[in-house]
Amino acid sequence: MRIARLTAIAAVAVLSLGVAACGGDDGDDSGSTGGGTEGKSFAAGSTMERLNKAQKIIVGTKFDQPGFGLKGLDGKPAGFDVEIAKIIADELGVPEGNIEYIETPSAVREEKIEKGEADIVVATYTINDKRKERIDFAGPYYVAGQNILVKADDSSITGPDSFKAGDKKVCSVQGSTPAANIEKSLANKAEQLVLFDVYTKCIDALNSGQVNAVTTDNVILLGFIARNEGKFKLAGENFTEEPYGIGVKKGDTAFRTFINDTLEKAYSDGRYEKAWKDTAGKFDDQVPTGPAVNRY
Ligand code: GLU
């Protein structure tokens, strides 16, 4: 009895080795155990078909923004943007383990898409016309708003107008919409605006007193507030609208439509709400209702 069972187990082991070897033969080093397309079929020549056949997708996201895209000790980013990317991968029939994440700081997002180094960019990425000259956006899937972060005991800054006197320094990130927008409120840009490539460097600068404030989207700042309990606060109300989109290659209308369809599906089947509650919802309990996608 026992021997028969062991023989059966051995046979299964040999069989699975065979399957693994086949996977290796076709040059598939993605870690997938087969070329399965999970029963999905897409139009010939479409990006969806390419990604499904490759069983892999490259996602550009942030690595240092708590709640949206923060690289963990396991080397993988986690957050709302990452969950949105996982939903898209799933609809493409690409297993979660086959998603490759690359870091896309604000200033390099368009370039990474143009060069094909990222298939999609989900990275607190505001949809605007200037960016649409180089890439296209699916979504929006969330609407944030620009705000200002200060030390918890600072009452001298209450909004963008507080920079008009010219005596306060504010930090933001190169290539971001908040950096461009805050310029309007500065008396002396060269003196007052400090720019880095990522927001954690602004947080360090605020901590060390090199700057008086950090400006970007409220939800990004809320993530830093939650991570640094008691240290920081928002200085006032949101003063812009930042609709977050998913960046894709310019002209890939079929892929954009597919992602918009996917978002609408996720809005109604609970996946969108769960994605929020599991991530950014931990420090922002206002569960968003998915905004209407813009099929421009
Ligand atoms: N949503 C803004 C932007 O896309 C700010 C956040 C960011 O830099 O990622 O520029």
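One can find the structure itself at the top, above this paragraph.
Just so you know, the residues in each chain are numbered from 1, in the order the chain's sequence is written. Owing to the predicted nature of the model, reporting of local features is limited to residues with pLDDT of at least 70; listing and counting of side-chain atom pairs is limited to 80 or more, with chain, interface and lining totals taken over all residues. Side-chain measures were taken over the full set of non-hydrogen atoms in the model, leaving aside hydrogen atoms and water.

> I'd like a description of the side chain of Lys 112, backed by residues and values.
Helix and strand labels come from DSSP, where a helix needs a run of H or I of at least four residues and a strand needs a run of E of at least two; each type is numbered from the N terminus. Here Lys 112 shows up in helix α4 (residues 109–114). The contact rule is simple, with two residues in contact once any of their heavy atoms fall within 4.5 Å. Filtering out sequence-adjacent residues up to four positions away, Lys 112 remains in contact with Ile 102, Thr 104, Glu 117 and Ala 118.

> How would you explain the packing of aromatic side chains if you had to name every residue and give the values?
Two aromatic rings, drawn from Phe, Tyr or Trp (for Trp, its six-membered ring), form a pair once their centres lie within 6.5 Å of each other, and the interplanar angle then sorts them: stacked below 30 degrees, edge-to-face above 60, tilted otherwise. In the structure shown here, the tally under the stated rule is 15 aromatic pairs. When the centroid spacing of 5.8 Å and the interplanar angle of 80 degrees are considered together, the rings of Phe 68 and Phe 80 count as edge-to-face. Here the residue Phe 68 occupies a position in the loop between β2 (64–65) and β3 (69–71), and Phe 80 occupies one in helix α3 (residues 80–92), the gap between them amounting to twelve residues. The residues Phe 68 and Phe 80 share a single accessibility class, namely buried. Where Tyr 141 meets Tyr 244, the ring centres are 6.3 Å apart and the plane angle is 55 degrees; that geometry is what we call tilted. With Tyr 141 in strand β7 (residues 135–144) and Tyr 244 in strand β13 (residues 242–249), this residue pair connects regions lying 103 residues apart in the sequence. Looking at Tyr 141, the relative accessible area reads 0%, which means it is buried. An aromatic cluster is built from Phe 68, Phe 80, Tyr 141, Tyr 142, Tyr 244, Tyr 267, Tyr 272 and Trp 276, whose rings are joined through pairwise contacts. Across the ring face of Tyr 296, the terminal group of Arg 256 is positioned such that the distance to the ring centre comes to 3.9 Å. For the exposure calls, accessible area comes from a 1.4 Å probe over protein chains only, and a residue counts as buried if that area is under 20% of its type's maximum, exposed if over 50%, partly exposed in between. Only Lys NZ and Arg CZ are tested; either one counts as a charge over a ring when it is within 6 Å of the ring centre and within 35 degrees of the ring normal.

> Which residues make up the nonpolar core, and what values go with them?
Here, the term nonpolar core denotes a set of buried Ala, Val, Leu, Ile, Met, Phe, Trp, Tyr and Cys residues that are joined through side-chain atoms within 4.5 Å. Core analysis: the biggest nonpolar cluster contains 53 residues, and Phe 80, Ile 120, Tyr 141, Tyr 142, Ile 246 and Ile 259 have the highest contact counts within it. Sorting elements by how many residues they give to this core places α3 first, with eight residues. Tyr 142 has contacts with Phe 68, Phe 80, Val 219, Glu 242, Pro 243, Tyr 244, Tyr 272, Trp 276, Asp 284, Pro 288 and Pro 291, leaving out every residue within four places of it along the chain.

> Quick one: what's the story with the sheet that holds β2, residue by residue and with numbers?
For two strands to be treated as a pair, DSSP must find at least two bridges joining them. Taken together, three strands build an open sheet; the order of strands is β2-β3-β4 and the sheet is antiparallel. The sheet is open, and its two borders are formed by β2 and β4 (77–78), each paired with just one other strand. Where β3 and β4 come together, two bridges link them in antiparallel fashion. Bridge pairing in β4 places Leu 70 opposite Ala 78.

> For the sheet that holds strand β11 (residues 213–217), give the residues involved together with the corresponding values.
In space, the five strands of this open sheet follow the order β10-β9-β11-β8-β12, with mixed pairing throughout. A strand with exactly one partner marks an edge of an open sheet, and here the two such strands are β10 (193–196) and β12 (232–234). Across this sheet, the average inter-strand angle for adjacent strands is 30 degrees, counted without regard to direction. Note: strand β8 (residues 146–151) against β12, three bridges, orientation antiparallel. Bridge pairing in β12 links Lys 151 to Phe 232. As a rule, the C-alpha atoms of each element are fitted with a line to give its axis, helices using only the stretch in contact, and angles between N-to-C directions run from 0 to 180 degrees. Across the sheet, helix α8 (residues 199–207) is in contact with β8, β9 (170–173), β10, β11 and β12; its angle to β11 comes to roughly 155 degrees.

> Describe in detail empty space enclosed by the protein, supporting the description with residues and values.
Buriedness of a pocket was judged along seven lines, with at least five required to meet protein on both sides within 12 Å; pockets are open sets of points on a 1 Å grid over the protein atoms alone, cavities are sets where a 1.4 Å probe fits but cannot get out, and lining residues have an atom within 4 Å of a point. Grid points are joined across faces, edges and corners, and a volume is the space filled by probe spheres set on the points. Tallied over the entire structure, the rule returns one cavity of 30 Å³ or more. Of the pockets and cavities examined, the largest cavity occupies roughly 60 Å³. Lining of the largest cavity is provided by 13 residues; of these, Arg 109, Thr 124, Ser 176, Tyr 199 and Asp 217 occupy positions nearest its centre. Breaking the lining of the largest cavity down by element, the ones donating at least two residues are α6 (177–182) and β11. All amino acids are sorted into three groups, where Ala, Val, Leu, Ile, Met, Phe, Trp, Tyr, Cys and Pro are nonpolar, Asp, Glu, Lys and Arg are charged, and the leftover types, Gly among them, are polar. Considered class by class, the residues forming the lining of the largest cavity number three nonpolar, six polar and four charged.

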